[in-house]
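One letter stands for each residue in the lines below.
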Amino acid sequence: MSRQKPPIAEISHVYKSYRRGDQIVPVLEDITFSIEEGEFLALMGPSGSGKSTLLNLIAGIDRADSGTIMIGGLDITTLSETELASWRALNVGFIFQFYNLIPVLTAFENVELPLLLTGLSRKERADHVLMTLSLVNLLDRMDHYPSQLSGGQQQRVAIARAVVTDPTILVADEPTGDLDRVSAQEVLGLMERLNQELQKTVIMVTHDPRAASKARLVRNLEKGILT
Amino acid sequence: MLFFKLIIKNTFRHGMRTILTIMGLVIALIAFGLLRTVIKAWYSGVEASSSTRLITRNAISLIFPLPLSYKDKIKSVEGVTAVSYGNWFGGIYIDQKHFFANFAVDPKSYLKLYPEYVVDPAQKEAFLKDRRGFLAGRQLADKYGWKLGDTVTLKGTIYPGDWDFVLRAIYKGREPSTDEMQFIFHWNYVNEYLKGVHSSRADQVGFYMEGIERPDMAAQVAAKIDALFKNSLAETLTETEKAFQLSFINMTETILAVIQAVSFIVIAIIMAVAANTMAMTVRERIGEYAIMKTLGMGAFRIGALIFGESLTICAIGCGLGIALTYPAARVFAHAVGSIFPSFDVDPRLFIFYAAASFLVGVVAAIVPTWRAVRVPIAEGLRRIG
Ligand SMILES: Nc1ncnc2c1ncn2[C@@H]1O[C@H](COP(=O)(O)OP(=O)(O)O)[C@@H](O)[C@H]1O
Ligand SMILES: [Mg+2]
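Every value quoted in this text rests on a predicted model; they were computed, and no experiment measured them.

Parameters at a glance
- Residues numbered from 1 in each chain as written.
- Chains lettered and ligands numbered in written order.
- Predicted model: local features only at pLDDT ≥ 70, side-chain atom pairs only at ≥ 80, totals over all residues.
- Heavy atoms only, no water.
- Helix = DSSP H or I, 4+ residues; strand = E, 2+ residues; numbered from the N terminus.
- Rg over C-alpha atoms; globule rule 2.2 N^0.38 Å.
- Buried < 20%, exposed > 50% of the residue type's maximum accessible area, 1.4 Å probe, protein only.
- Contact = heavy atoms within 4.5 Å.
- Areas by Shrake-Rupley, 256 points an atom, 1.4 Å probe, with all protein chains shown as cover.
- Axes fitted to C-alpha atoms, helices over the stretch in contact; angles between N-to-C directions.
- Parallel < 35°, antiparallel > 145°, perpendicular 65-115°, else oblique.
- Left-handed = near helix turned anticlockwise from the far one by under 90°.
- Nonpolar A, V, L, I, M, F, W, Y, C, P; charged D, E, K, R; others polar.
- Near = heavy atom within 4 Å.
- Polar contact = N/O pair within 3.5 Å; in protein donor to acceptor, adjacent residues only side chain to side chain.
- Pairing = 2+ DSSP bridges.
- Lys, Arg positive; Asp, Glu negative; His and termini not counted.
- Salt bridge = Lys/Arg side-chain N within 4 Å of Asp/Glu carboxyl O.

**Student:** Which residues make up the overall build of chain A, and what are the values?
**Tutor:** Along its length, chain A carries seven helices and 10 strands. The C-alpha radius of gyration computed for chain A amounts to 18 Å, which stays within 12% of the reference 17 Å derived for 227 residues, consistent with globular compactness. Projected onto the principal axes, the alpha-carbon positions of chain A cover approximately 50 × 45 × 35 Å. Counting across all 227 residues of chain A, residues that qualify as buried make up 51%. Counting contacts in chain A only where the partners sit at least 6 residues apart, residues at least 24 apart contribute 70% of the total. Here chain A displays about 10700 Å² of accessible surface, and carbon together with sulfur accounts for 50% of that area.

Right, here's the structure in full:
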């Protein structure tokens, strides 16, 4: 009998509000839930319900007003900006709706970018990049600039960039929101493989039911409350 | 190196904007360089002056003369080895633009007092003999293509009429700083004319020049000369040649102060231009910096990207500025004619170029970096798409 592994993420009593002028707009209220290691979670909900905000808190690119966010046993709300930056570099891979590649860098260089923060040699970096680009099946496009790639191809480069450092968690904010159906299927298939074959924990925000159907667990956020 | 490649690529992303900024910097540096060179040229007359020569002039003002009769009294002062005298003639050649200094002097004593004017003995002889003869600096003669024996006409301002002079001798400067743009002729030529038409203005001297034994005697000898004429109709003011040159310059001190101020304002303006370029650039890329921060890049790396870009622009501007300053100075010197005895670009100027460019690069990057670093990632990301 194997002991149950602790959850990779434990979010407890998280509140988050934004200031708009002199008005305080509450976005998240008393969010408490956990995510198992190796999970593929889809966060759904209407636009403006706070999905991106919650995802950003978990990924350590925004700060909660109160509450704790334990990731892999570490409460990331206690980290300084610098510590948080290093923590992100090691533990989180990001995939965005608009791919967000650096336009003046080639596909290869975009994927190499996060590796600059590691101690890897040039040769090791190149090996990692090539391996990851072959994973997303874009080796033949590695010298192309983002503007020379289709939306789906750009998103696959972005996925390669997200996983090249071998993070434990992948966060994706509407990764198929800007893609046609075929490209969206490709991207989702890729994320499914990353989850199943490489055991990445995937947290994906989406309001596309087809995307959510790939996930193993779907949670709904409505008006700042998780259901 | 990917990081440097990113800096270079970012620099030329908005080619036109970058080129215009670089051009602005180049123009500002050259403007600064030329203004500095003007100031230096202005002072070069002082550097060339001797400290074993004194100048005596009317105590009230340079524009009032002294009687010729002072000559022998000055000569008798202890420590004075030679005395010469002269008048500022102020003649115009062709028009105002062709400015050069022209003096009526007692030629024999003058040349003895100014050994830095090197003249061929035969030419010197010819000059001393011809009452209408004149001595010209080599640069001046070259500039107008005057040959020995040529007649040159100056239009008198202080002494009306057209005055014809015959070129009898050309001097070379002994030092690089020696002014080779002088036009020197016989005091007697003017004085004899005055005797005929304005006898009241005859036998008047604009200034005396004295040679003294040793530089350290200057103050003492000057005081003795001035004491001689104390309470006379025309009191004198005697000072070293250097001080005399400086008092000339003092008249234009305000102009120099303005030029000085302008040269620094030019640098301040380009600082604003570069800062604006960097601010625009960084504002457009706030989203990209947010991505990089998401990937784990800290303030140091974001700052290095922005400072790197700013300094790259300024380094290119500095390089082009240095390369173009010499040709610009040549064009400038040609355009202003011969106002300055020497118009040489001081290579030390380029140290300032480098320092100024570096400063501009750093200052331009500070605020944009601060903004890029401070913007919360989540907010930066929202600006994309
Ligand atoms: N930086 C911010 N400043 C002010 N309001 C914000 C900011 N980010 C998000 N919001 C507001 O918070 C709410 C939730 O936003 P978000 O998390 O992006 O929703 P979703 O991703 O579910 O569409 C929205 O009303 C949005 O306008
Ligand atoms: Mg969203």
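**Student:** Tell me what's going on with the packing of helix H11 (residues 286-294) of chain B against helix H13 (residues 349-374) of chain B, and back it up with residues and numbers.
**Tutor:** Two packed helices can be described by the angle between their axes and the distance between those axes. Residues and elements named next belong to chain B. Remark: H11 packs on H13, axes separated minimally by 9 Å, with the N-to-C direction vectors making an angle of 55°. In terms of orientation, H11 lies oblique with respect to H13. You can see that H11 and H13 cross each other, and the crossing is right-handed. Between H11, through Ile286, Tyr289 and Lys293, and H13, the contact on the second element is made entirely by Ala372, Val373 and Arg374. Broken down by class, the residue content of the contact of H11 with H13 amounts to four nonpolar, no polar and two charged.

**Student:** Describe the site of ligand 1, with residues and values.
**Tutor:** Close contacts around ligand 1 come from Tyr18, Arg20, Val27, Pro46, Ser47, Gly48, Ser49, Gly50, Lys51, Ser52 and Thr53 of chain A together with Arg382 of chain B, and that covers them all. Ligand 1 is flanked by residues contributed from chains A and B. In this structure, Ser49 of chain A approaches ligand 1 through a main-chain N or O atom, which is 3.3 Å from an oxygen atom. Backbone polar atom of Gly50 of chain A to an oxygen atom of ligand 1: 3.0 Å apart, as the coordinates give it. For ligand 1, the protein covers 77% of the area, taking 560 Å² as the surface of the free molecule.

**Student:** Describe the environment of Phe352 of chain B, and please don't skip the residues or the numbers.
**Tutor:** All names here are of chain B. Relative to the assigned elements, Phe352 resides in helix H13. Along the backbone, Phe352 and Gly33 are 319 residues apart, and their C-alpha atoms lie at a distance of 9.1 Å. Setting aside residues no more than four positions away along its own chain, Phe352 makes contact with Phe32, Phe264 and Ile267.

**Student:** I'd love a proper account of the sheet that holds strand S10 (residues 225-226) of chain A, names of residues and values included.
**Tutor:** All names here are of chain A. Strands sit in the order S6-S7-S8-S3-S9-S10 across an open sheet of six strands; the sheet is mixed. Among the strands making up the open sheet, the edge pair consists of strand S6 (92-95) and S10. Of the pairings in the sheet, the one linking strand S7 (residues 169-173) to strand S8 (residues 201-205) comprises five bridges and is parallel in character. Residue pairing across strands places Leu170 opposite Val202, the latter belonging to S8. Along the sheet, helix H1 (residues 51-59) contacts strand S3 (40-44), S6, S7, S8 and strand S9 (217-222); its crossing angle with S7, the most-contacted strand, is approximately 155°. Against the sheet, helix H6 (residues 181-197) engages S3, S6, S7 and S8, with an angle of about 150° to S8.

**Student:** Could you give an account of the pairing of strand S7 (residues 151-155) of chain B, naming the residues involved and the relevant values?
**Tutor:** Burial of S7 of chain B is one-sided: the residues Val152 and Leu154 of chain B facing one way are buried, the residues Thr151, Thr153 and Lys155 of chain B facing the other way are not. What sits between S7 of chain B and strand S8 (residues 162-173) of chain B in their antiparallel hairpin is a turn of six residues, with Gly161 of chain B showing a positive phi close to 105°.

**Student:** Talk me through the packing of helix H5 (residues 151-163) of chain A against H6 of chain A; I want residue IDs and the actual numbers.
**Tutor:** Residues and elements named next belong to chain A. At a minimum axis separation of 9 Å, H5 and H6 run at an interaxial angle of 15°. Of the possible angle classes, the one that applies to H5 and H6 is roughly parallel. When the axes of H5 and H6 are compared, the crossing they make is right-handed. Of the residues in H6, those touching H5 at Gly152, Gln155, Arg156, Ile159 and Val163 are Ser183, Glu186, Val187, Leu190, Met191 and Leu194. In terms of residue class, the contact of H5 with H6 is built from six nonpolar, three polar and two charged.

**Student:** Got a sec to walk through the side chain of Lys51 of chain A? Specific residues and values, please.
**Tutor:** All names here are of chain A. Along the chain, Lys51 falls in helix H1. Put simply, Lys51 is tucked away with no salt bridge, and the nearest opposite charge, on Glu174, sits 4.5 Å away. A polar side-chain atom of Lys51 sits 3.0 Å from the main-chain carbonyl oxygen of Gly45. Among the polar contacts made by the side chain of Lys51, one reaches the main-chain carbonyl oxygen of Pro46 at a distance of 3.0 Å. Excluding residues within four positions of it along the chain, Lys51 makes contact with Leu43, Met44, Gly45, Pro46, Glu174, Val205, Thr206 and Leu221.

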